[in-house]
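Observations on chain architecture
Here are the chains, one letter per residue:
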Amino acid sequence: MYVKKTGKVVASIEARVGYSRLKGKVLKEIIGKPMIQLMIERIRTASLVDEIVLATSINPKDDALADLAPKLGVRCFRGSEDDVLARVLGAAKFTGADHIVEFWGDTPLIDPVIIDQAIDFYRQKDFDCVGTCLDKTYPWGMSLLIFPTQVLAEVDQKTNDPVDRENVSTYIYEH
């Protein structure tokens, strides 16, 4: 399905405090700032991103992220801890996103030039999903995926597989 590539582009950062491997990593300081702040600052300099939203969970552990978001000048959407697909879709609807640029909260060195190049490529092509992590060309710290909110809404209706619900875009690039 081809989706017209105009409209609002929202960077959605999936982040939680309760990661299993390193709890609180998104709030750990790097050069005196929480990792999530560095990430937001870098995404903010991408010229083709219209808005940034922090998509965190309703778990009380994530209150610190929800409190930090307005201080960093971004909106926060809170949703299911386990159903990340529903959380990101909720964040997209909350912000009026036509297109979602999906980020994971532990990539503080994301390159704004790569973000803009990926968005530009996405806008010019007839793809439902474009990403820097699909063919392992870029290192993991440069990972992002772009897809229309409409496609994610369709995926939301098509799958209840826990793998798809936890890994937002898996269904899109596998189908």
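Presented here is a report on the structure given in the accompanying data block. (Residues numbered from 1 in each chain as written. Predicted model: local features only at pLDDT ≥ 70, side-chain atom pairs only at ≥ 80, totals over all residues. Heavy atoms only, no water.)

The full count for this structure, using the stated rule, is two aromatic pairs. Residues Phe-77 and Phe-94 carry aromatic rings whose centres are separated by 5.8 Å and whose planes lie at 50° to one another, so their mutual orientation is tilted. Of this pair, Phe-77 sits in strand 5 (residues 75–79) while Phe-94 sits in helix 3 (residues 84–95), and the two are 17 residues apart along the sequence. A centroid spacing of 6.1 Å and a plane angle of 25° characterise the contact between Phe-121 and Phe-127, whose relative ring orientation is stacked. Judged by its relative accessible area of 39%, Phe-127 falls in the partly exposed class. (Phe/Tyr/Trp six-rings, centres within 6.5 Å; stacked < 30°, edge-to-face > 60°. Helix = DSSP H or I, 4+ residues; strand = E, 2+ residues; numbered from the N terminus. Buried < 20%, exposed > 50% of the residue type's maximum accessible area, 1.4 Å probe, protein only.)

Tallying each qualifying case throughout the model produces eight salt bridges. A salt bridge links Arg-165 to Asp-83, with the shortest nitrogen-to-oxygen separation between them at 3.0 Å. Placement of the pair is Arg-165 in helix 6 (residues 162–166) and Asp-83 in the loop between strand 5 and helix 3, with a sequence separation of 82 residues. One salt-bridge network, in which partners are shared between bridges, spans Lys-8, Glu-51 and Arg-75. (Salt bridge = Lys/Arg side-chain N within 4 Å of Asp/Glu carboxyl O.)

Let us now look at helix 2 (residues 63–71). All of the buried residues along helix 2 are Leu-65, Ala-66, Leu-68 and Ala-69. Each buried residue of helix 2 lies within a common arc of 165° when the element is viewed along its axis, so the set occupies one face. Among the exposed residues of helix 2, those oriented more than 90 degrees off its buried face are Pro-70 and Lys-71. The inward-facing, buried residues of helix 2 abut strand 3 (33–34), helix 1 (35–44), strand 4 (51–57) and strand 5. Note on helix 2: the residue one or two positions beyond its end, Gly-73, has a positive phi of about 80°. (Arc of directions from axis to C-beta. Contact = heavy atoms within 4.5 Å.)

Before going further, it helps to spend a moment on the nonpolar core. Within soluble globular proteins, side chains that are nonpolar generally end up buried alongside one another. Formed by 31 residues in total, the largest nonpolar core has its most connected members in Ile-13, Ile-36, Ile-43, Phe-103 and Ile-115. Sorting the residues of this core by element identifies strand 1 (9–14), helix 1, strand 4, helix 2, strand 6 (99–104) and helix 4 (112–124) as the ones contributing at least two each. Sorting elements by how many residues they give to this core places helix 4 first, with five residues. Apart from residues no more than four positions distant in its own chain, Ile-115 is found in contact with Ile-43, Ala-46, Val-49, Phe-103, Ile-110 and Leu-144. Within the second largest apolar cluster, 22 residues are counted, among which are Val-53, Phe-77, Ala-92 and Ile-172. (Core = buried A, V, L, I, M, F, W, Y, C linked by side-chain atoms within 4.5 Å.)

Among the secondary structure elements, Tyr-122 is positioned in helix 4. The spacing of Tyr-122 and Ile-146 is 24 residues in sequence and 7.3 Å in space, taken between C-alpha atoms. Setting aside anything within four residues of it in sequence, one finds Tyr-122 in contact with Lys-5, His-99, Phe-127, Asp-128, Val-130, Ile-146, Phe-147 and Pro-148.

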